[in-house]
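Next come the chains, spelled out residue by residue.
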Amino acid sequence: MTEADLVAVVLFLGISAYAVFGGADFGAGFWDLLAGGAERGREPRALIEDAIGPVWEANHVWLIFVLVVLWTAFAETFASIMLTLFVPLSIAALGIVLRGAGFAFRKVVPDVAEQRIFGGAFAISSVVVPYCLGAVVGGVVSGRVPTGGTAGDRWASWINGSSIVGGLLAVTVCAYLAAVFLASDAHRLGERHLVGYFRRRAIGAAMVAGVLALAGYFVMKEDAVHLHRHLTDRALPLVIVSTVCGVITLTLLLRDSLRWARFFAIGAVATVVWGWGVAQWPYLLPTSLTVEQGAAPSGTLTAVIVVTVVAAVVIFPSLGLLYVLDQRNRLEAAPARDDETLAAVVSSPAAGTDDSGRPGDRG
Amino acid sequence: MLLAVDPLPWARAQMAFTLGVHIILVPLGVAWAFMILVAERRAMKHDDADARLLARRWSKVLAVTFAVGAVTGTVLTFEFGLLWPRFMGRFGDAFGIPFAIEGLFFFLEAIFLAIYIYGWDRLPPRMHWWSGVPIVVSGIGGTASVIAANAWMNQPAGFRLNAAGKVESVQPLKVIFNRAFPYETIHMLIAAYLVGGFLIASVYAFAMLRGRRDRYHRLGFLIPFTIAAIAAPLQMVVGDFVARAVYHDDPTKFAAIELVTRTGDHVPETLGGYLDSHGRLHGGIRIPDVASLLSGYSVNTKIEGLRAVAARDRPTFAQANVVHLAWDLMLGLGTALALLSVWFGLTWWRKKDLPKTAWFLRAATVAGVASVLALEAGWVVTEVGRQPWIVRGFMRVSSGVTSDSGVWITFLVVLVVYLAVAAATIFVLRSMARRWREGQDTVGPYAPDPGRPAAAGQEGK
Ligand code: HDD
Ligand code: HEM
Ligand code: HEM
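Source: prediction; values computed, not measured.

1. Regarding unusual backbone geometry
Of the consecutive residues A:Trp281 and A:Pro282, the connecting peptide bond is found in the cis state with omega at 0°. B:Pro388 follows B:Gln387 through a cis peptide bond whose omega is 0°. Inspection of the secondary structure assignment puts B:Pro388 in the loop between helix H11 (358-384) and strand E7 (389-391). Even without glycine at this site, B:Ser169 takes up a positive phi of about 45°. With a phi close to 60°, B:Tyr297 is a non-glycine residue in the positive phi region. Note that B:Tyr297 resides in the loop between helix H9 (290-296) and helix H10 (317-351).

Below, the structure is given as structure tokens:
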């Protein structure tokens, strides 16, 4: 394995991490959008907010990581994708702004009308962004991104069969992951009827994802020949593993064994991304630019590998710490809401008393 | 269907605008975490309830501004590709390296910020405090990495171009530790603490002017203001050093800064003034010999003029005017802020108290905005002073830009979205402040629900 191959593997690991963790956060926004009116949707929205609040920013950094590795190690690929797919990527960038800002703002405003506006921005862009990113992947795998500094078709590169399936599949997969995660969060927090609520949605999303995958099979047969061929031969094992994981997740959901369901859901999604990578190999841009041709000089690749190793040593334990604290309820549900006891202090700051004794006694 | 408009001016405008917005949030992300830790430590050591309340509230506001900083930073990441694909395609191999390192720091910052903010009542106090330390460290590391990338655009190093113009033989350490890296980094880091300090202190100065002079507000003023008051005089010294470095490393930028067109010695320092389209200097106050004196400690120091370089390889006279104006602004504001700091320092040293006059609080209120202006002005000096190069001496801005003719549309959309986000941010922060004044609490999404067993209530189960 060359250095370039190794960095390509790192890139795909980054993409799969973003698909799983970032994806689940987007999917939570999808369910937030569909949760209904203020009254009806209050409980699921509260759960969604608690679930993604502490983790979404860290999860979001995977996207930065992917972009940075791409532009450093495979600069021409990055430039070509950005040049051709200018429109969906611009929409995605702005969608990310609205989503992050909307989410952060909703949490700290008191008024329902205000919460609606910010919540709407958060939820709608949580659907738009994964659609655009999925459409971009569709444009890439179907060979619509030329190399050499010329732009491909500004519209057809992302409005085509593969892109549409890619976009819809991305939205659905995010929704699926989120529903599984939220069901098990609800289970952990003892909110019985939300378990059922999200379990039904997880199953529904899984069905839709299955149908879309099947549709994708037929679309790509004509439209993304290289990928299609190899998804059905050398990447087939991964496709099978993914399907098996998906089925196990469904079974676990139905049997109420929520503890393990999320791990199989993660497996189902990560293996799809790896399958995409294996099927596309050795191309970065099928079928015009290979990993070898598109790779940066060795010094740069070494730097990226060193950074990755440091990340593995420093970032993974930190991320692990964050997730563990979160799962053990060591992180607060919603920091902006914990001011009750502060209220007394606030009105007469100088006479402030110790305000640390509040947790746990609210419920 | 689309108007085919030259993307270049729009791409420049969009890059400048989005960077100009992001950079306002950066000092908060970098310096505020430090101030929060100072306050929390004080709370722990002296059992100081005011300090604890400040630390708590600051961390909640930081959560909001950090989110805005993160998403605006993400836009910048996309923009490098969307607006400058030819630049990235050709130089990403080298330019990208510092950003790869920056990614590490972003991860750490986002992770520990979450642990810190959400861990307030759940983690043991000591552990909670320590969970804030990586935020401070990664703020500094992240800044150094991004600045390394910017410094590399000014002083490219650590690579060769082969016959086909492709980057080869990249030496990552030389890319990162380029000539401009040390001075740009130190100057920016001090700027971050300076701006963060003055900005936060200005809120409390304003409140004190309005009569809220209790201990809580005083402390909220003193912690950030002290930090800024240390940074501001220091920044003068560092800035002086930076200016001399630019004189040596990038004489053309220096000529634009000083509005010098013809090479010579005994160059006066020009305050104000502008060049007309023929390069003649109009207006302004000229202090004899001072520019030469400052650049080389001697009136005989020679300063290279703009005309020493072919017109197509240096900033236009109009751009030089922008650089010079921004330079004057940075210097003027920097000096004023340093004087304000000295006033504060002397009074504190003698009386252990703030200057009594309301003028001090008025000045401190204005200092917040003034420091942001100085920061923006400094960046205009750096960026416009580099024109016409995107990578100095290697690639022109016009060769780096995208070919997509729709950039004017994205620019307008970005403008609208950012203005909306800015308005919403201000609205949200004000609403938080008002509720805190009234001692109110926020509630969950979509209407109050006291009945819902929040996660916090699950502990005992
Ligand atoms: C609060 C902010 C602030 C203040 C008070 C000052 N600066 Fe500054 N300056 C910046 C904030 C800044 C900056 C952070 O915006 C820049 C842009 C790029 C950089 O590295 O720092 C900058 C750039 C910058 C440059 C261009 C560097 C380059 O292009 O490589 C010079 C020569 C100076 N500064 C010099 C000074 C001097 C002599 C000051 C004395 C008063 C001063 N600055 C105060
Ligand atoms: C690490 C930080 C930064 C990097 C890597 C960076 C990079 C760039 C790039 C690639 C361009 C377009 C090419 C060019 O015009 O030279 C640009 C232009 C510009 N940037 Fe920066 N920038 C940084 C920080 C900033 C900040 C914080 C500001 C704040 C105001 C700023 C202001 C500008 C302006 C005004 C332009 C337009 C210059 C012109 O076209 O005349 N930059 N920057
Ligand atoms: C003067 C230059 C810059 C400095 C000092 C700086 C520093 C920072 C800091 C401290 C943060 C943390 C968020 C916050 O506190 O607001 C941040 C966020 C971010 N910045 Fe910048 N930045 C600069 C310019 C840029 C540029 C040119 C880019 C483009 C690549 C960029 C990309 C990002 C990204 C992607 C984030 C989000 C990270 C996250 O998700 O946590 N920044 N920046």
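Still to come is the rest of the account.
2. What about the coordination of the iron atom of ligand 3?
Octahedral metals with six donors have ideal donor angles of 90 or 180 degrees. Tetrahedral metals with four donors have an ideal donor angle of 109.5 degrees. In this structure the iron atom of ligand 3 is ligated by exactly one protein donor, B:His22 (NE2), at 2.1 Å. Inspection of the secondary structure puts B:His22 in helix H1 (residues 7-46).

3. Side note on the coordination of the iron atom of ligand 2
On the protein, B:Glu383 (OE) is the one donor atom to the iron atom of ligand 2, at 2.3 Å. With respect to the helices and strands, the residue B:Glu383 is situated in helix H11.

4. Observations concerning the nonpolar core
Ranked by size, the top nonpolar core spans 228 residues in total, and within it A:Phe74, B:Trp58, B:Trp84, B:Phe87, B:Phe221 and B:Phe225 carry the most contacts. Of all the elements, helix H3 (residues 85-118) of chain B adds the most residues to this core, at 20 residues. Aside from chain neighbours lying at most four places away, what touches B:Trp84 is B:Leu8, B:Ala11, B:Arg12, B:Met15, B:Glu79, B:Ile390, B:Val397, B:Gly400 and B:Val401. A:Ala24, A:Ala51, A:Leu189 and A:Leu252 belong to the second largest nonpolar core, which has 44 residues in total.

5. Observations concerning the environment of B:Val170
Mapped onto the secondary structure, B:Val170 falls in the loop between strand E2 (167-168) and helix H5 (172-176). Spatially, the C-alpha atoms of B:Val170 and B:Arg396 are 21 Å apart, while their sequence positions differ by 226 residues. In contact with B:Val170, other than residues within four places in its own chain, are A:Pro297, A:Gly299, A:Thr300, B:Asp93, B:Ile97, B:Gly158, B:Phe159 and B:Val175.

6. Side note on the site of ligand 3
Within the structure, ligand 3 sits among 25 residues, and B:His22, B:Ile23, B:Gly29, B:Thr77 and B:Trp379 are positioned closest to it. Looking at what sits near ligand 3, you find residues from chains A and B. For ligand 3, a nitrogen atom lies 3.0 Å from a polar atom in the side chain of B:His22. When contributions to the shell around ligand 3 are tallied by element, the ones reaching two or more residues are helix H3 (56-73) of chain A together with H1, helix H2 (49-83), H3 and helix H4 (125-154) of chain B. Top element by residues in the shell around ligand 3 is H2(B). It accounts for eight residues. A per-class count over the shell around ligand 3 returns 16 nonpolar, eight polar and one charged.

7. Some thoughts on the pattern of salt bridges
Two side chains with opposite charge may pair up if their charged atoms get near one another. Residues and elements named next belong to chain A. Enumeration according to the criterion identifies 24 salt bridges over all chains in this entry. Across the salt bridge formed by aspartate 185 and arginine 262, the nearest N and O atoms sit 3.0 Å from each other. Of this pair, aspartate 185 sits in helix H7 (residues 161-188) while arginine 262 sits in helix H11 (residues 258-280); the two residues are 77 residues apart in sequence, bridging distant segments of the chain. Taking relative accessible area as the criterion, aspartate 185 reaches 6% and is therefore assigned buried. According to the relative accessible area criterion, arginine 262 is buried, its value standing at 13%.

What counts and what doesn't
Residues numbered from 1 in each chain as written. Chains lettered and ligands numbered in written order. Predicted model: local features only at pLDDT ≥ 70, side-chain atom pairs only at ≥ 80, totals over all residues. Heavy atoms only, no water. Helix = DSSP H or I, 4+ residues; strand = E, 2+ residues; numbered from the N terminus. Donors = N, O, S within 2.8 Å, 3.2 Å for Na, K, Ca; no water. Core = buried A, V, L, I, M, F, W, Y, C linked by side-chain atoms within 4.5 Å. Buried < 20%, exposed > 50% of the residue type's maximum accessible area, 1.4 Å probe, protein only. Contact = heavy atoms within 4.5 Å. Near = heavy atom within 4 Å. Polar contact = N/O pair within 3.5 Å; in protein donor to acceptor, adjacent residues only side chain to side chain. Nonpolar A, V, L, I, M, F, W, Y, C, P; charged D, E, K, R; others polar. Salt bridge = Lys/Arg side-chain N within 4 Å of Asp/Glu carboxyl O.

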